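Working through the structure, step by step
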Amino acid sequence: MSVSGKAVSSGGVICTPHRQASEAGLAALDAGGTAIDAALAASAALCVAFPHMTGLGGDAMWLLSDGHKVDAILGLGQAGGRLPDGGAITERGPASAATTAGALRSWSLAHQLNQGRWGSRMGWPDLLAPAIRLAEQGADVSGSQVFWQHQRTELIAGAPDLQRLCYNANGQFRQEGETLTQPELAATLRQLADAGVDDFYDGDVAWALAKGFDALGNGLTVDDLRQTRAHLVEPLKIRYRQGYLFNMPPPSQGLYTLRALHALDRVDLRAMPNGGADYYHYLVEAIKRQLVNRNLELCDPQFAVADLAAQLSPAHADEDVAHIDPSRATSWREPSHPADTVWFAVADRQGRTACVIQSLFHDFGSGCFAGDTGVLWLNRGAGFNADPVHPNAWAPGKRVAHTLNPSCYLADNGEQFYFGTQGGDGQPQTQMVLATQLIDYAQPIERALHAPRFLQGRSFFGSTENLKLEESVDTTVARELEARGHDVEWLPKLSPFYGQAGVIHIRPDGRREAMHDPRGEGVSLGQTTEKTETTL
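Residues numbered from 1 in each chain as written. Predicted model: local features only at pLDDT ≥ 70, side-chain atom pairs only at ≥ 80, totals over all residues. Heavy atoms only, no water.

Details of the overall build of the protein chain
Looking only at helices and strands, the protein chain features 18 helices and 20 strands. Since a compact globule built from 536 residues should have a radius of gyration of about 24 Å, the 21 Å found for the protein chain is in line with a globular shape. Principal-axis analysis of the C-alpha atoms gives the protein chain an extent of 60 × 55 × 45 Å. Of all 536 residues assigned to the protein chain, the portion counted as buried reaches 66%. For the protein chain, restricting intrachain contacts to residue pairs at least 6 apart in sequence, the fraction spanning at least 24 positions comes to 72%. Of the roughly 18,200 Å² of accessible surface on the protein chain, a fraction of 49% belongs to carbon and sulfur atoms. Charge-centre separation for the protein chain: the mean point of 44 positive side chains lies 2 Å from the mean point of 61 negative side chains. (Helix = DSSP H or I, 4+ residues; strand = E, 2+ residues; numbered from the N terminus. Rg over C-alpha atoms; globule rule 2.2 N^0.38 Å. Buried < 20%, exposed > 50% of the residue type's maximum accessible area, 1.4 Å probe, protein only. Contact = heavy atoms within 4.5 Å. Areas by Shrake-Rupley, 256 points an atom, 1.4 Å probe, with all protein chains shown as cover. Lys, Arg positive; Asp, Glu negative; His and termini not counted. Charge placed at Lys NZ, Arg CZ, Asp CG, Glu CD.)

So, the pattern of salt bridges
Taken as a whole and assessed by the stated rule, the structure comprises 34 salt bridges. Close ionic contact of Arg164 with Glu184 constitutes a salt bridge, the shortest N to O distance being 2.7 Å. Of this pair, Arg164 sits in helix 7 (residues 160–166) while Glu184 sits in helix 8 (residues 183–195), placing them 20 residues apart in sequence. Judged by relative accessible area, which is 30%, Glu184 ranks as partly exposed. (Salt bridge = Lys/Arg side-chain N within 4 Å of Asp/Glu carboxyl O.)

Overview of the packing of helix 12 (residues 254–264) against helix 16 (residues 426–440)
At a minimum axis distance of 10 Å, the contact between helix 12 and helix 16 shows a crossing angle of 40°. In terms of their interaxial angle, helix 12 and helix 16 are classed as oblique. For the element pair helix 12 and helix 16, the recorded crossing hand is right-handed. Listed contacts from helix 16 to Thr257, Ala260, Leu261 and Leu264 of helix 12 are Pro428, Gln431, Met432, Ala435 and Thr436. When grouped by side-chain class, the residues that make up the contact of helix 12 with helix 16 number 6 nonpolar, 3 polar and no charged. (Axes fitted to C-alpha atoms, helices over the stretch in contact; angles between N-to-C directions. Parallel < 35°, antiparallel > 145°, perpendicular 65-115°, else oblique. Left-handed = near helix turned anticlockwise from the far one by under 90°. Nonpolar A, V, L, I, M, F, W, Y, C, P; charged D, E, K, R; others polar.)

Let's talk about helix 10 (residues 204–216)
Over its 13 residues, helix 10 extends 19 Å from the first C-alpha to the last, a length consistent with the 18 Å expected when each residue adds 1.5 Å. Taken together, the buried positions of helix 10 are Val205, Ala206, Leu209, Ala210, Gly212, Phe213 and Leu216. All buried residues of helix 10 lie within an arc of 160° about the axis, which places them on one face of the element. Exposed side of helix 10, more than 90 degrees from the buried face: Asp204, Lys211, Asp214 and Ala215 are the residues found there. Each element contacted by the buried residues of helix 10 is listed here: helix 8, helix 9 (199–202) and helix 11 (222–226). Just downstream of helix 10, Gly217 is the residue with a positive phi angle, here 70°. (Expected span 1.5 Å × (residues − 1). Arc of directions from axis to C-beta.)

Looking at the nonpolar core
Ranked by size, the top nonpolar core spans 91 residues in total, and within it Leu56, Trp62, Trp107, Phe200 and Trp377 carry the most contacts. Ranked by the residues each element gives to this core, the list is headed by helix 2 (residues 35–49), at 13 residues. Of all hydrophobic cores here, the second largest spans 55 residues; its members include Ile238, Leu269, Ala411 and Val503. (Core = buried A, V, L, I, M, F, W, Y, C linked by side-chain atoms within 4.5 Å.)

Remarks on the sheet that holds strand 16 (residues 488–491)
The strand order across the open sheet formed by 3 strands is 14-15-16, and the pairing between neighbours is mixed. Where the open sheet ends on each side, the last strands, each with one partner, are strand 14 (454–456) and strand 16. For this sheet, the mean inter-axis angle between neighbouring strands, taken without regard to orientation, is 25°. With 4 bridges joining them, strand 15 (residues 467–470) and strand 16 adopt parallel strand pairing. Bridge pairing in strand 16 places Leu467 opposite Val488. Helix 13 (residues 277–297) rests against strand 14 and strand 15 of the sheet, and its axis sits at about 35° to strand 14. (Pairing = 2+ DSSP bridges.)

Topic: unusual backbone geometry
The residue after Pro250, namely Pro251, is reached through a cis peptide bond having omega 15°. Within the secondary structure, Pro251 is located in the loop between strand 9 (243–247) and helix 12. One non-glycine residue with positive phi stands out, namely Arg241, at about 50°. Residue placement: Arg241 occurs in the loop between strand 8 (236–239) and strand 9. Residue class for Arg241 comes out buried when judged on its relative accessible area of 12%.

Details of helix 16
A rise of 1.5 Å per residue sets the reference length of helix 16, with its 15 residues, at 21 Å; its end C-alpha atoms lie 20 Å apart and thus fit the reference within 8%. When you tally the buried positions in helix 16, you get 15 out of 15 residues, the bulk of the element. Remark: Ala442 follows helix 16 within two positions and exhibits a positive phi of approximately 50°.

Here it is, written out as structure tokens:
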């Protein structure tokens, strides 16, 4: 996979994991569109060009910022009125497609806000045109899709719908750069362009989806689609160093990303060598405690009472940091939350930013298309806890605990960072590395994205619960971590297993930078500027 380049511009910038999606978003900016317009165009294009990670049949979360105020959109589906045929939810297959998809409700709400607050005049025919063209004429198969095809050989062999995405006419796995056409998805996108994206929930597309649900036996109905809502909510925030960190409220795990960083705000990281044993030890121990809390507590807040103010209070942060033993690792036997997704972000000429995560839950989602729509459905239902008394247990109309959690940081001096990543349990861990590199160590975005990462637990691969380090971590650091009780395993440098992150940086003087993860082939583009290749 090629090294991701950094885009620099005094105008708009965009960062996505696929070149054709970045180009779709940039075209919207060049046509006078806002950051939301560009994000919608890019999001739709990703649903075509990055089908193993995102799609119309997924969920989405948005952070919207004008540089001063930050709003959040939760575009999450909910459990249907009944369980799938057979009475249980599975990890993959029809019985995993047991929640509705909220992404397009989030598109609809973002579009309304865009027209009302940001003055956009772009309509759905304009915004969906690039995605329709890609679905009809063909999108370039990404290196990421090729990588995950080989990781999921057995899954694909047993899923005829995935074979349509992953096998070429010769019955072989598609290769990077091949052309993938999706005529059924193109027809669905055309209907949404003509009727508006809410047709997905209460129009012709909804009825087509419901017919597919009947065939799958996943328990969903057209009424479940109609009841799906996106919500404009206040993001959570904490004071971190000389600024504020923002993330998503429950049912997102963003609360626990912030709690881990809130504890680290009590630690003088800048006094520690960057990338040293103390650095990794404190980050790992901080997130381990919060993943334990998340696994016990996180659920749909409509079904439980949570005092978020108390959880993000200074007293709670003091308590959390006091549990970190500087010389000894805590034991780790927590169940993992594997997941995958796409992160992307756009900033426009006016300095407004959309920071978005969109997901099918696991890579390739449920593995099932909903009828003849070409829409691959998410397997988010697999995220419910099997224990019927757990706060995250299944219930009709309930939203499942979510791994999605985009972040942003607004510094007191006007500096802004927008960032996120794919990777389930790896999302908060990578965000901690990015936040500390960008804020504590004042690293440029290319160095922050190249910084060696860690992954505690299984996440979305492997069977071990140990601490995985990139091979770019110094071996003496690893030995010291082992001496403190960490069970270290190595993964290759710049491995896709560590997710696909990205950053947009807005400087106080208005200069904008964007860069995607060197662990993938994502592309960052800027208006009226050249894209420069970054090598370290």
